[in-house]
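Working through the structure, step by step
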Amino acid sequence: MNDNAHAPVPVITVTYSPGRHLRALLESLPEATVRGTRTVLADNGSTDGVPQAEAAARDDVEFLDTGGNIGYGAAINAAWRHLGDGAGEAGEAGVDDEFLVVVNPDVVFESGAIDAMIECARRHPDAGAVGPLIHDPSGEVYPSARELPDLVHGAGHAVLAGIWPDNPFTRAYRAGRDMSRERAAGWLSGSCLLLRRTAFEQIGGFDERYFMYLEDVDLGDRLARAGWTSVLCVDAGVVHDQGHAANAHRTVTSAAHHHSAYAYLADRHPGPVQAPLRLALRAGLAVRRRVATAAARLTDTTRK
């Protein structure tokens, strides 16, 4: 472990033409921790030039070209490996080797948020992940600490949420809406996480089969299976302007969501005995994907 308790905290964000949001994130980091940060922009093919410009303008920010749009989890893993390769062991690279922050580029940290998450992690030595209280730009709290979905509720939510938002499966899937206290959760929103690096390394980072969506659910489940917990830290706050990028590419994100839903559920029901169940899941999600994609195209056409 890094002996320097004041070493900068490593931060990874995945960029894909982030526009104005990235600067707001980077400008919030100095107030988020007294220790300073070293930020890696894992870029998945930005065409707006913003990540390159921000990295060139800041000594504590580095641009990392991932080679294309390789997905969220794969980009995080690439930056994580890059941090370790900086100078041998991570501690020798001049950054904290105990914790790692992963954050979306459309997040802004409130004052002291990273330090509060580190303090929370120290209160919970079995915490592999710590997540902040997440607000949207209007100030509403997002239910970012939820229970892990089981097959019945996960499949019911995946099939019905888009056409019947208040169905009982979705209500159960989104259980754990108590955002008033520090507590354990099955999984935490991947939009902003403090990860204990030993835990992250133990489970091999993010599962790179998830291009986008549910990689945070999968992470929480694999951390739990490895003996780690996920903890909500209400003392830490961030503002997340979520959905702006996904809304611009709804047909693509719809396909990615359904692929991830199948991967998550199929992984947890392996073997030949459960093959009929996986087939039924695939068929049901394929139908839902067609409906959701058609709705997205209709919405996009209406907006033009």
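Residues numbered from 1 in each chain as written. Predicted model: local features only at pLDDT ≥ 70, side-chain atom pairs only at ≥ 80, totals over all residues. Heavy atoms only, no water.

Overview of the overall build of the protein chain
Applied cut-off: Runs of H or I in DSSP of at least four residues are treated as helices and runs of E of at least two as strands, each being numbered from the N terminus. Three labels apply to residues, based on accessible area from a 1.4 Å probe with only protein chains included: buried if under 20% of the type maximum, exposed if over 50%, partly exposed otherwise in between. We call two residues in contact whenever any of their non-hydrogen atoms come within 4.5 Å of each other. Surface accessibility in these figures is a Shrake-Rupley result with a 1.4 Å probe; residues are shielded only by whichever protein chains are displayed.
Per the secondary structure count, the protein chain includes 11 helices and 12 strands. With 304 residues in all, the protein chain has 51% of them scored as buried. The long-range fraction of contacts in the protein chain, counting pairs at least 24 apart against all pairs at least 6 apart in sequence, stands at 80%. Within the structure as shown, the protein chain displays about 13,800 Å² of accessible surface, and the carbon and sulfur contribution to it stands at 55%.

What about the pattern of salt bridges?
To keep things clear, this is the line we draw: In what follows, salt bridge is the name for a side-chain nitrogen of Lys or Arg lying within 4 Å of a carboxyl oxygen of Asp or Glu.
As enumerated under the stated definition, the model contains 14 salt bridges in all. For R225, the salt bridge goes to D221, with nearest N and O atoms at 2.8 Å. Of this pair, R225 and D221 are both found in helix 8 (residues 215–225), 4 residues apart, which corresponds to roughly one turn of the helix. According to the relative accessible area criterion, D221 is buried, its value standing at 8%. Through salt bridges with shared partners, a single ionic network connects R23, E54 and R58.

Section: the nonpolar core
Stated precisely, the cut-off is as follows: What makes a nonpolar core is a set of buried Ala, Val, Leu, Ile, Met, Phe, Trp, Tyr and Cys residues whose side-chain atoms join them at distances within 4.5 Å.
With 31 residues, the main nonpolar core has V101, V103, F109, I114, M117, V130 and L194 as its most contacted residues. Element by element, the count of residues in this core is highest for helix 4 (residues 113–123), at 7 residues. Ignoring anything within four residues of it in the chain, the contact list for I114 reads V9, L29, A32, T33, T37, V101 and F109. Grouped together as the second largest cluster of nonpolar side chains are 29 residues, A79, L100, A185 and L195 included.

Points about the packing of aromatic side chains
To keep it simple, the criterion reads: Two rings from Phe, Tyr or Trp (for Trp, the six-membered ring) form a pair when their centres are within 6.5 Å of each other. A pair whose planes differ by under 30 degrees is stacked, one over 60 is edge-to-face, and the rest are tilted.
Tallying each qualifying case throughout the model produces 3 aromatic pairs. Summarising the aromatic geometry, the rings of Y72 and F206 are spaced 5.8 Å apart at their centres and angled 70 degrees between planes, so their arrangement reads as edge-to-face. Within this pair, whereas Y72 is found in helix 3 (residues 72–85), its partner F206 is found in the loop between helix 7 (197–202) and helix 8, the two being separated by 134 residues in sequence. Between the aromatic rings of F200 and F206, the centroid separation amounts to 5.6 Å while the plane-to-plane angle is 70 degrees, which identifies the pairing as edge-to-face. Given the relative accessible area of 1%, F200 is considered buried. For F206, a relative accessible area of 2% puts it in the buried group. Taken together through their ring pairs, the aromatic side chains of Y72, W80, F200 and F206 make up a single cluster.

Structural notes on the environment of R181
Worth spelling out the cut-off: Pairing of N or O atoms within 3.5 Å defines a polar contact, subject to two protein rules: one partner must be a possible hydrogen donor and the other a possible acceptor, and residues neighboring in sequence count only if both atoms are side-chain atoms.
For R181, the location among the structural elements is in the loop between helix 6 (168–173) and strand 9 (183–185). Sequence separation between R181 and C233 is 52 residues, and the spatial gap between their C-alpha atoms is 7.6 Å. Those residues in contact with R181 that lie beyond four places of it in its chain are L232 and V234. Among the polar contacts made by the side chain of R181, one reaches the side chain of D178 at a distance of 2.8 Å.

Observations concerning the pairing of strand 2 (residues 37–43)
Definition in use: In this description, strands pair whenever DSSP reports at least two bridges between them. Place the viewer so that the strands point away; then a crossover is right-handed whenever the path from the first strand over the helix to the second strand goes clockwise.
Of all 7 residues in strand 2, 7 are buried, a share of seventy percent or more. Burial along strand 2 is two-sided: T37, T39, L41 and D43 and R38, V40 and A42, pointing in opposite directions, are all buried. Across 5 bridges, the pairing between strand 2 and strand 3 (residues 61–65) is parallel. Considered in strand 3, the bridge of L41 is made with F63. Once the chain exits strand 2 it traverses helix 2 (residues 50–57) before rejoining the sheet at strand 3, and the crossover so formed is right-handed.

Side note on the pairing of strand 12 (residues 229–240)
As paired elements, strand 5 (residues 107–109) and strand 12 share 3 bridges and run antiparallel to each other. Bridge pairing in strand 12 links V107 to H240. With 8 bridges connecting them, strand 6 (residues 127–135) and strand 12 associate as parallel partners. Note on strand 12: the bridge partner recorded for I134 is V238. Of the pairings in the sheet, the one linking strand 9 to strand 12 comprises 3 bridges and is antiparallel in character.

Overview of the environment of I76
Positionally, I76 belongs in helix 3. Note: C-alpha distance between I76 and G205 (129 residues apart in sequence) is 8.3 Å. I76 has contacts with I12, V14, V102, F200 and F206, leaving out every residue within four places of it along the chain.

As for helix 1 (residues 20–32)
Formally: The span expected for a helix works out to 1.5 Å for each residue beyond the first. The directions from the helix axis to the C-beta atoms are what the arc is built from.
For helix 1, built from 13 residues, the straight-helix expectation of 18 Å at 1.5 Å per residue is met to within 8% by its first-to-last C-alpha distance of 19 Å. For helix 1, the set of buried residues is H21, L22, L25, L26, S28, L29 and A32. Projected down its long axis, helix 1 shows its buried positions confined to an angular sector of 165 degrees, all on one face. Among the exposed residues of helix 1, those oriented more than 90 degrees off its buried face are R20, E27, P30 and E31.

Purely geometric numbers; function is a separate question.
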